[in-house]
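Listed here are the chains, written in short residue letters.
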Amino acid sequence: MRSFLKPAAGLVCLVALACAGCSADTDGDGSSSGSSTAQAQPDPGGTGSTGTPESSSTAYAPYVSATTAYDLDSAGSASAYNLAFVIADGDDCTPTWGGTAAIDDSAVTSRISALTDSGATVRVSFGGASGTELAEACGSASELAEAYGQALDAAGASAADFDVEGDALTDSDSIDLRSEAIALLQEERSDLSVSFTLPVMPSGLDDDSVALLESANNHSVQVSTVNIMTMNYGSTYDGDMGDYAETSARAAHDQLADVFGLSDEGAWHGLALTSMIGENDVDNETFTLQDAAQVRQFAEKKGIAWVSMWASFRDRQCDSDSATDDASTDCSGVEQEDGAFAEAFSG
């Protein structure tokens, strides 16, 4: 049975919980000599604010293309947008949008301005399932922190999401380098909110994901939220996707409480949920509009920080007459009105 690390000296806490009462006093062996009196405060904007929230409701923060605008981006009531994805330029420690657009590309800058006209914020998402994550390409923590900072500055963002999956999740060297770089970046930018997006199963986060969070904790990274990808469970799971999302969230909640030493309420506030709408990458998995409504209701009941979906540009019914529509990239693969999933997730 795996044992989970308790917070290291200094008591690292999820900053979305406004950890003003966390004790930093330690005994000589590094264990906490005081008790944590942190008061949980959800982050309605999904950007790690530790001030008094204007609303305690769960936020809606969809993933959107950073390079291409879609009419469906504005569906629902998004308070934040996850800009997908910043990766390395090949094997170079140079941040790019999707490996195709320069980080300061004027078209992307204009797109971000349009997204934020409504008052929503943007969160830069690093990594994803394709390409090379910067932590695998950069040679030092300072170089990596600079690359991350360049992307954040180009987007005018104070929130960073690190989507770590596939081979990057098993690369312990890049995981520790990323943790060190994020800690350096937060020393320079006290308002920087950090979330980790990780794969999950109904049994919870796997050992590699837990090890990543432990690495962040050991490097004193202030984590706002842990966003679990409630999708693509595998062929052995053929039940209700809404129920699986709830089961996965409950398991991950308990793991966050262990890793970060959080209260029951605090662990819920430090959690976010992202679903792949419609047809998933696993043949027997279809996430329906009813599932979306179920997830939204569950998230509000538990005080989960934000819900999201992959992705805004898929929030429409596939055109049966189109030879190019593909449910994995262009549409949901289910019957729906345009933007219906966004409306369901917005509540």
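About the criteria used
Residues numbered from 1 in each chain as written. Predicted model: local features only at pLDDT ≥ 70, side-chain atom pairs only at ≥ 80, totals over all residues. Heavy atoms only, no water. Disulfide = S-S within 2.5 Å. Helix = DSSP H or I, 4+ residues; strand = E, 2+ residues; numbered from the N terminus. Buried < 20%, exposed > 50% of the residue type's maximum accessible area, 1.4 Å probe, protein only. Arc of directions from axis to C-beta. Contact = heavy atoms within 4.5 Å. Polar contact = N/O pair within 3.5 Å; in protein donor to acceptor, adjacent residues only side chain to side chain. Core = buried A, V, L, I, M, F, W, Y, C linked by side-chain atoms within 4.5 Å. Salt bridge = Lys/Arg side-chain N within 4 Å of Asp/Glu carboxyl O. Phe/Tyr/Trp six-rings, centres within 6.5 Å; stacked < 30°, edge-to-face > 60°. Lys NZ or Arg CZ within 6 Å of the ring centre and 35° of its normal.

Draft legend 1. Structural view of the state of the cysteines. Per the stated rule, a full pass over the model turns up two disulfides. Across the disulfide from C318 sits C331; the S-S distance is 2.0 Å. Between C318 and C331, the S-S torsion sits near 95°, and that sign places the bridge as right-handed. Here C331 lies in the loop between β13 (306–310) and α9 (340–346) and C318 lies in the loop between β13 and α9, a separation of 13 residues in the sequence.

Draft legend 2. Fine view of helix α1 (residues 106–116). Among the residues of α1, V108, R111, I112 and L115 are the ones counted as buried. In an axial view of α1, the angular spread of the buried residues amounts to 100°, which keeps them on one side of the axis. In α1, the exposed residues that point more than 90 degrees away from the buried face are S106 and A114. Of the surrounding elements, those touching the buried residues of α1 are β2 (63–65), β3 (80–89), β4 (92–97), β6 (121–127) and α3 (141–155). One side-chain oxygen at the N-terminal end of α1 lies 2.9 Å from the backbone nitrogen of A107; it belongs to D105.

Draft legend 3. Representation of the nonpolar core within the structure. Core analysis: the largest hydrophobic core is formed by 87 residues, its most contacted members being W97, F126, Y148, F196, L213 and F345. Membership of the second largest hydrophobic core comes to six residues, among which are A61, A80, A272 and W306.

Draft legend 4. Molecular detail of the pattern of salt bridges. Per the counting criterion, the structure on display carries six salt bridges. A salt bridge links R111 to D73; the shortest N-O distance between them is 2.8 Å. Note that R111 is positioned in helix α1 and D73 in the loop between β2 and β3, a separation of 38 residues in sequence. Classification of R111 as buried rests on a relative accessible area of 8%. Among the ionic pairs, D325 bridges to R316, the shortest N-O distance being 2.8 Å. Since its relative accessible area comes to 22%, D325 is described here as partly exposed. On the basis of relative accessible area, R316 is assigned to the partly exposed category, the value being 23%.

Draft legend 5. Quick peek at the packing of aromatic side chains. Under the criterion given, the structure shown has 16 aromatic pairs. Between Y60 and F345 the ring centres are 6.5 Å apart and the planes differ by 5°, which places this aromatic pair in the stacked class. Residue Y60 is found in strand β1 (residues 59–60), and its partner F345 is found in helix α9; the two are separated by 285 residues along the sequence. The pair Y60 / F345 is uniform in exposure class, with both members buried. Between Y63 and W310, the aromatic rings sit 6.0 Å apart at their centres with planes inclined by 55°, giving tilted as the arrangement. Of the two residues, Y63 sits in strand β2 while W310 sits in strand β13, which places them 247 residues apart along the sequence. The buried category is assigned to Y63, whose relative accessible area is 2%. Look at W310 and you get partly exposed, because its relative accessible area is 23%. Lying over the aromatic face of W306, R123 brings its terminal NZ or CZ to 4.2 Å of the ring centre.

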